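Coordinates in review
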Amino acid sequence: MIKLENISMSFHGKHILQGIDLEVQKGETLVVIGPSGSGKSTLLRLMVGLLKPTQGEVWIKGQEISHLSEDNLNKVRIGMGMVFQYSALFDSMTVGDNVAFGLREHTAMTEAEIQRIVARNLRMVGLAGQQDVMPNELSGGMKKRVSLARAIAIRPEIMLYDEPTAGLDPIMSGTIDRLIMNAKRVLCVTSVVVTHHMSSAFKIADRVAMIHGGRIIEVGTVEQIRQSENPVVQQFILGLKS
Ligand code: ADP
Ligand code: MG
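A quick note: this is a predicted structure, and the numbers were derived from the prediction, not measured.

A short note on the sheet that holds strand β7 (residues 158–162)
Consider a sheet: its strands pair through backbone hydrogen bonds, and that pairing is either parallel or antiparallel. Taken in spatial order, the six strands of this open sheet run β6-β7-β8-β3-β9-β10, and their pairing is mixed. Edge strands, defined here as strands with exactly one partner in the open sheet, are β6 (80–83) and β10 (215–220). Taking each pair of neighbouring strands and ignoring which way they run, the sheet shows an average axis angle of 15°.

Considering unusual backbone geometry
One non-glycine residue, K61, adopts positive backbone phi at about 45°. With respect to the helices and strands, the residue K61 is situated in the loop between β4 (55–60) and β5 (63–64). By C-beta crowding, K61 is classed as partly exposed, having 15 other C-beta atoms within 10 Å.

Quick word on the site of ligand 1
The local shell around ligand 1 consists of F11, I16, G34, S36, G37, S38, G39, K40, S41 and T42. Here the element with the most residues in the shell around ligand 1 is helix α1 (residues 40–47); it accounts for three residues. Classifying every residue of the shell around ligand 1 gives two nonpolar, seven polar and one charged.

A look at the UniProt feature "domain: ABC transporter" (unreviewed entry) in the protein
Following the UniProt record, one finds the feature "domain: ABC transporter" (unreviewed entry) at residues 2–238. Across residues 2–238, helical content stands at 40% and strand content at 25%; the span's end C-alpha atoms are separated by 29 Å.

About the cut-offs
Residues numbered from 1 in each chain as written. Chains lettered and ligands numbered in written order. Predicted model: local features only at pLDDT ≥ 70, side-chain atom pairs only at ≥ 80, totals over all residues. Pairing = 2+ DSSP bridges. Helix = DSSP H or I, 4+ residues; strand = E, 2+ residues; numbered from the N terminus. Axes fitted to C-alpha atoms, helices over the stretch in contact; angles between N-to-C directions. Buried ≥ 20, exposed ≤ 12 C-beta atoms within 10 Å, placed from the backbone. Near = placed C-beta within 6 Å. Nonpolar A, V, L, I, M, F, W, Y, C, P; charged D, E, K, R; others polar. UniProt positions renumbered as here; feature names shortened; annotations may be inferred.

See below:
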């Protein structure tokens, strides 16, 4: 579903990512870990075509996307949902309209059907009945949950989550973890999840990739990562375990 081939990314001549090779299979959940500033968000932005790599290729469902026109890129993006690190809601729209946005843009559903999905998705993220609230009345964690409800509304085949549980309490984090796992189990969604919560990473991941110094220094199953002999990996997963 996703393949990165020899990706490098620089900003103003500064190398952020170098020689990244990564594949994510259909229905797989790949968790990306690594220190702040190591390029995790950049990696997700490359996957959805919001950034063009300085070098290398990004393949989504067999299509190389870094050379696509904006029109064709948008077609690929319809099948992808993204929850940004700093949730990007439409501030002038109610919560309900935010969640309904993709359905109104990309489907021929009736308003009644749309409202049913909006209500269901808000319930799933613990925000039942909040349709008429404006984003600026919400906490950061709530905004993030609205953007999650919005991203899954169009049932994307691929979901990219940038720190979906940051700033959430343990109970709400657990809810989001289960939502990610359900999307995989029920809809066979392919997911890439950036997280700092090791307990959540180990719970939801099929494989974990650790980025450090612009490179993927380790990638493997949860068991393989736990048993990694790389001291940087060990230090990271022990130091940040929660
Ligand atoms: P992470 O998500 O792992 O914390 P990021 O991908 O956000 O890391 O950022 C990696 C590095 O790239 C940081 O040093 C950041 O300042 C830099 N960076 C990210 N986006 C840009 C950009 N659009 N322009 C310039 N520098 C950027
Ligand atoms: Mg980030």
